[in-house]
Amino acid sequence: MKPAGVIIPAVLIVAIGGGIGLADLALRKDKVKLDRPEPPPLDLVLPPVKPTPAGEATNPQPASTQASPDVDVKTEATSDPAAAAAPIAESARTPPAAPTATPPAALPKGHITVPQAAALYDQQAFFVDSRRKDVYVAGHVAGAFRADMVSFKAGDPMWVRGLPKEMILVVYCDGGDCDESEHVAQLLNASGFNAVYVMHDGFPGWKDAGHPVETGEGQE
Amino acid sequence: MSGTHRTRKGHDSQSPSVMGWVCVPLRLILGGLFAFAAFNKLIAKGEGPATSSGPQGFAWTIKAFKLDLPDWAVLTSTFTTPWIEIIAGAMLILGIWTRGAALVIGGLLVVFIALLLSVLYRGLNVDCGCFGDMSPFCPAKVGWCNIIQNVGMLAAAIAIMATRRHALTVCKC
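Model, not experiment: these values are computed from the prediction.

S.K.: With reference to specific residues and values, describe the pairing of strand β2 (residues 126-129) of chain A.
M.R.: Residues and elements named next belong to chain A. Residue alternation in β2 divides its side chains into two sets, Phe126 and Val128 and Phe127 and Asp129, and both sets are buried. One ladder, built from four bridges, connects β2 with strand β5 (residues 169-172); its direction is parallel. Paired with aspartate 129 across the two strands is tyrosine 172, which belongs to β5. Of the pairings in the sheet, the one linking β2 to strand β4 (residues 145-146) comprises two bridges and is parallel in character. Residue valine 128 lies in a different strand from β4, and its bridge partner there is phenylalanine 145.

What follows is the structure, given as structure tokens:
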């Protein structure tokens, strides 16, 4: 077979497939929205937290036991998450954990700083790692479970279903431009959890601040 | 055998070569994978912002690659790519324009590999969307596994393209 005997059929296949595709596009294009729906602003209730000395996040109980219903999460309602978040930064008396740490005032709604996340960690908050599995295995917040958007495709992951809805959840990814944590937080919000926060500076900020980390498969 | 002539070794010039038989499983696997991938891109299996299946999910996957494509290009790719995949995959399985179908699939794989490399280079944490919501061989997020998977399929496509006399074909075209 000459080269033309391969190329001409290939061109015909592309033409036929492309033609059918364009016809399909004409029929169904109204059903396709190009922009993935942005998660609505997280309407969060930030509970008051106990003062925590700098760099002494302990979270003595492993995350796997945090779903216990007798854990007192003390969810006192406040209508302004930003206002509620501010005392945490003051009471924690924690200097900026790293030169790149984001100041609380610059955070989007629903996001918290690493010191705030550390304070919640000490209150047995449930940490959720929304990064890829290989990155999670290489290092994650000690006791954190892993769940990315894919984990929610077949419904809530099993461990999510077992958590009390009043549980405080802190979701993180890699900080910076990473928006996976925002999406996972939104999915958790949709699952009925009200106290879901995004640790703005992600795992790099947590690790740089010297808070507990662990490696390995963990739980998901 | 009428209508064919014999070579100096005594084989019919139209009879399948050894490679033609070797390529049969390659054609079935590669064609099947492309048809399966296309099906998942054309038929929605999930809803909501997490889905990668159906035209909606595939369009979001293309957008997530941040290629700065105009909307018309995203929409056109969303609908034409799976149809080209499904037709080329079916022809590969049936043995109609076998080498042409392998050339189309090889060309698509070269484009996919280039896109995946660009995603890895830019450090984007996005779904591959290669098989819609399914991820039979690799984690859903783009990684080196996807590149290796596609390079393997590209090698199969090249082998099929390089084979002149295929076995078990609907036509000798």
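S.K.: Which residues make up unusual backbone geometry, and what are the values?
M.R.: Although it is not a glycine, glutamine 124 of chain A sits at a positive phi angle of roughly 70°. Looking at where glutamine 124 of chain A falls in the secondary structure, it is placed in the loop between α3 (114-122) and β2. For glutamine 124 of chain A, a count of 20 C-beta atoms within 10 Å translates into the label buried. Positive phi, normally seen in glycine, also occurs at tryptophan 97 of chain B, with a value near 50°.

S.K.: Before we move on, can you summarise the nonpolar core with the specific residues and values?
M.R.: Ile13 of chain A together with Ala88, Ala101, Val104, Ile105 and Ala157 of chain B are the most contacted members of the largest nonpolar core, which has 46 residues in total. Looking at this core, the elements that each hand over two or more residues are α1 (3-28) of chain A together with α1 (18-42), α2 (54-64), α3 (71-94), α4 (98-122) and α5 (144-162) of chain B. No other element matches α3 of chain B, which puts ten residues into this core. Core analysis: the second largest hydrophobic core is formed by 39 residues, Phe127, Leu169, Val196 and Val198 of chain A among them.

S.K.: I'd like to hear about the interface of chain A and chain B, residue by residue, with values.
M.R.: On the chain B side, the residues contacting the 30 residues of chain A number 35 residues. Partitioned by chemical class, the residues of the side of chain A that touches chain B number 18 nonpolar, four polar and eight charged.

S.K.: Can you tell me about the sheet that holds β5 of chain A, naming the residues and giving the values?
M.R.: Residue and element names in this part refer to chain A. One open sheet accounts for five strands, arranged β1-β6-β5-β2-β4; its pairing is parallel. Here the strands that pair on one side only, and so sit at the sheet edges, are β1 (111-112) and β4. Looking at chain direction, β1 and strand β6 (residues 196-199) are connected through two bridges and run parallel. Of the residues in β6, the one forming a bridge with isoleucine 112 is methionine 199.

Criteria and cut-off values
Residues numbered from 1 in each chain as written. Chains lettered and ligands numbered in written order. Predicted model: local features only at pLDDT ≥ 70, side-chain atom pairs only at ≥ 80, totals over all residues. Buried ≥ 20, exposed ≤ 12 C-beta atoms within 10 Å, placed from the backbone. Helix = DSSP H or I, 4+ residues; strand = E, 2+ residues; numbered from the N terminus. Pairing = 2+ DSSP bridges. Core = buried A, V, L, I, M, F, W, Y, C linked by C-beta atoms within 7 Å. Contact = placed C-beta atoms within 7 Å. Nonpolar A, V, L, I, M, F, W, Y, C, P; charged D, E, K, R; others polar.

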